[in-house]
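# Observations on chain architecture
This is what each chain is made of:
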Amino acid sequence: MHANYVAGQWLEGEDATRDINPSDVSDLVGEYAHATPAQVDRAIGAARDAAPGWGLASATQRAECLDAIGIELLRRKDELGRLLAREEGKTLPEAVGEAARAATIFRFFAGEALRVRGERLPQARAGVDVEVTREPVGVVGLITPWNFPLAIPAWKIAPALAYGNAVVFKPADLVPGSAWALAEIISRAGLPEGVFNLVMGRGSVVGQAMLDDARIDALSFTGSVATGRQVARAATQRFAKVQMEMGGKNPLIVMDDADLGQAVECAVQGSFFSTGQRCTASSRLIVQRGIHDRFVRAMKERMAALRVDDALAPGTDIGPVVDARQLQQDEEYLRIGRDEGATLAHGGRRVARVTDGHYLEPALFTDCSNDMRICREEIFGPVAAVIPVAGYDEALALANDTEFGLSAGICTTSLKHATHFKRHAQAGMVMVNCPTAGVDPHAPFGGRKGSSYGPREQGSYAAEFYTTVKTAYTLA
């Protein structure tokens with residue numbers, strides 16, 4: 001039984017999550033204790049007690065702790081990647097890459113701890129100096145999703161600690177193993193007691209307790225739009241600072257002048273890698289008619305070559321869907337697409353493998369229009385829809401015709417179209433001849449409209465959420 005980490009101690013809970021391998025449902029990854037309400041209360045209290053001291057700790061101390069975490073993550077990336085692949089279903093190369101990315105994030109923010117910037121403003125009144133500094137928010141509650149169980153916790157925990165906050169961390173109940181392994185590493189990094197706390201369990205219990213507790217000064221959440229609305233209501237009612245990353249229905253435009261091979265690779269990687277289970281996935285492929293038929297043929301050929309199999313098996317391109325409930329949702333959208341009149345041009349079938357897992361062929365719909373549910377609602381699976389358009393103006397209009405605005409891409413050799421798209425795409429991130437799903441740890445991450453709320457994550461922009469600004473006047 002894997003315990004919760006509260007006030008510097010490992011505490012067993014009252015119930016547990018059985019972490020099941022989606023590649024082999026007979027394989028139990030481990031059992032992870034649910035925190036009791038009393039343990040959540042204790043964790044928040046410990047963070048509240050520890051926050052002032054950690055906020056005043058030297059930048060060097062914070063940097064050294066974060067660097068130690070990053071070094072161990074990097075050293076153990078193969079082991080941690082295997083755990084991640086086993087519990088979440090990412091292919092082993094993707095999972096090892098995510099572990100290495102988590103390490104890079106911690107090491108980046110080790111440096112950021114030494115680079116917290118302020119300003120000295122010109123005097124407006126004779127003899128009065130004006131200084132602007134950044135200070136930690138205090139206690140930060142972090143709620144993370146199941147699809148990136150190492151990277152997303154890393155890009156929340158690392159800046160929170162770097163800027164001097166105390167942390168109460170609740171990982172997704174579906175895949176707690178990677179988060180627990182990360183917490184175990186953090187527990188040995190030299191942080192003072194109470195600065196970091198891990199509370200596992202259901203969102204309705206653990207998450208809700210965090211939302212309702214006034215001792216938590218800020219909440220950072222990544223997950224569904226529906227849960228995001230609950231987080232926003234709870235946070236704003238008590239004036240807590242809030243940051244949310246939610247859904248996406250990301251477009252990838254393919255123009256007639258695009259390099260066909262490059263466009264297909266962008267579409268396949270963006271739509272189907274990580275089993276399509278990422279908010280930045282290219283779920284709408286908006287294709288100009290002059291290249292449409294060639295693009296669809298090339299996509300079908302490329303998809304036919306993808307190997308769907310055990311996430312740990314050598315040569316696997318696409319791992320399993322994360323669990324039976326998500327697989328059922330994916331299949332329901334496949335039915336919806338057919339009922340709406342779209343053509344299932346390739347894939348979409350369950351496949352049998354040596355082990356009993358949640359295996360689904362990546363699916364490509366054609367003959368789609370942007371008003372179909374499969375083109376408007378986030379499926380969160382390996383399903384993409386091709387929407388034909390006459391030209392760039394129509395493509396841009398359809399790309400922006402969505403309640404979401406996380407990532408948007410275009411494949412073109414036209415500098416004119418690329419430049420115009422970067423300015424006019426209504427998304428927080430824009431990709432030109434790149435998959436919509438690729439992001440870097442040192443660059444800001446976030447979207448617009450229904451995809452994001454509050455300051456950006458990652459890079460130096462993370463300071464906007466994890467710090468508060470103080471203005472000081474001094475009569476010289």
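Here the structure is shown first, and the text comes after it.
All of these numbers come straight from a predicted model, not from anything done at the bench.

Read from one edge of the open sheet, 7 strands run β14-β15-β16-β13-β12-β18-β19, paired in mixed fashion. Of all strands in the sheet, those with a lone pairing partner are β14 (343-346) and β19 (429-432), marking the two edges. Strand-to-strand, the axes of this sheet are offset by a mean angle of 25°, without reference to chain direction. Pairing geometry for strand β18 (residues 407-411) and β19, over 4 bridges, is parallel. The residue bridging G409 from the neighbouring strand is M431, located in β19. Along the sheet, helix α10 (residues 289-304) contacts β12 (250-254), β13 (282-288), β14, β15 (363-366) and β16 (383-389); its crossing angle with β13, the most-contacted strand, is approximately 140°. Strand contacts of helix α11 (residues 324-339): β14, β15 and β16, with the helix running at about 15° to β15, the strand carrying the most contacts.

What follows covers the state of the cysteines. In a disulfide, the sulfur atoms of two cysteines are held together by a covalent bond. Per the counting criterion, the structure on display carries 0 disulfides. Free cysteine C279: the closest other cysteine sulfur is in C434, separated by 17 Å. Residue classification places C279 among the buried positions, given a relative accessible area of 13%.

The subject of this paragraph is the packing of helix α4 (residues 92-112) against helix α5 (residues 151-162). It is the contact of α4 with α5, at a shortest axis distance of 9 Å, that shows an interaxial angle of 10°. Put simply, α4 runs roughly parallel to α5. Contact with α4, carried on its side by E98, R101, A102, I105, F106 and F109, involves A151, A154, W155, I157, A158, P159 and A162 of α5 and no other residues of that element. A per-class count over the contact of α4 with α5 returns 11 nonpolar, no polar and 2 charged.

For the rest of this paragraph, the subject is the packing of aromatic side chains. Inspection of the entire model under this criterion finds 9 aromatic pairs. Measuring from ring centre to ring centre gives 4.7 Å for Y5 and W10, while their planes differ by 50°; the resulting arrangement is tilted. Residue classification places Y5 among the buried positions, given a relative accessible area of 10%. Pairing F108 with F109 gives two aromatic rings, centres 5.1 Å apart and planes at 90°, and the pair type is edge-to-face. With relative accessibility at 1%, the residue F109 sits in the buried group. Three or more aromatic residues joined by ring pairs make a cluster, and in this case those are Y5, W10, F169, W180 and F196.

A few words on the pairing of β15. The alternating pattern of β15 places A363 and F365 on one face and L364 and T366 on the opposite face, and all of these are buried. Pairing of β14 with β15, which is carried by 3 bridges, proceeds in the antiparallel orientation. Counterpart to H346 in the pairing with β15 is L364.

Now for the layout of surface pockets. What the largest pocket holds in volume is close to 1200 Å³. Counting only elements with at least two residues in the lining of the largest pocket, the list comes to α7 (203-212), β10 (218-222), α8 (225-237) and α11. The leading source of residues in the lining of the largest pocket is α8, at 6 residues. Taken together, the residues that form the lining of the largest pocket break down as 18 nonpolar, 15 polar and 11 charged.

The subject of this paragraph is the nonpolar core. As a rule of thumb, soluble globular proteins bury nonpolar side chains together. Residues L73, F106, F109, I157 and F196 are the most contacted members of the largest nonpolar core, which totals 71 residues. Apart from residues lying up to four places away in sequence, F196 is in contact with Y5, I157, V167, F169, A183, I186 and L191.

Quick look at the pairing of strand β7 (residues 139-143) now. Counting buried positions along β7 gives 5 out of 5 residues, so the element sits mostly inside the fold. Of the two faces of β7, both are covered, the one formed by V139, G141 and I143 as well as the one formed by V140 and L142. Across 5 bridges, β7 lies against strand β8 (residues 166-170) in parallel orientation. Bridging across to β8, V139 finds its partner in A166. In this region the chain leaves β7, passes through α5 and returns to the parallel neighbour β8; the handedness of that crossover is right-handed. Examined bridge by bridge, β7 and β10 share 4 bridges and lie parallel to one another. Among the inter-strand pairings, I143 is bridged to a residue of β10, identified as F221.

What counts and how
- Residues numbered from 1 in each chain as written.
- Predicted model: local features only at pLDDT ≥ 70, side-chain atom pairs only at ≥ 80, totals over all residues.
- Heavy atoms only, no water.
- Pairing = 2+ DSSP bridges.
- Helix = DSSP H or I, 4+ residues; strand = E, 2+ residues; numbered from the N terminus.
- Axes fitted to C-alpha atoms, helices over the stretch in contact; angles between N-to-C directions.
- Contact = heavy atoms within 4.5 Å.
- Disulfide = S-S within 2.5 Å.
- Buried < 20%, exposed > 50% of the residue type's maximum accessible area, 1.4 Å probe, protein only.
- Parallel < 35°, antiparallel > 145°, perpendicular 65-115°, else oblique.
- Nonpolar A, V, L, I, M, F, W, Y, C, P; charged D, E, K, R; others polar.
- Phe/Tyr/Trp six-rings, centres within 6.5 Å; stacked < 30°, edge-to-face > 60°.
- 1 Å grid on protein atoms, 1.4 Å probe; cavity = no way out; pocket = protein on both sides within 12 Å on 5 of 7 lines; lining within 4 Å.
- Points joined across faces, edges and corners; volume = space filled by probe spheres on them.
- Core = buried A, V, L, I, M, F, W, Y, C linked by side-chain atoms within 4.5 Å.
- Right-handed = clockwise from strand over helix to strand, strands pointing away.

Note that every value here comes from positions in space, so none of it alone points to a role or purpose.
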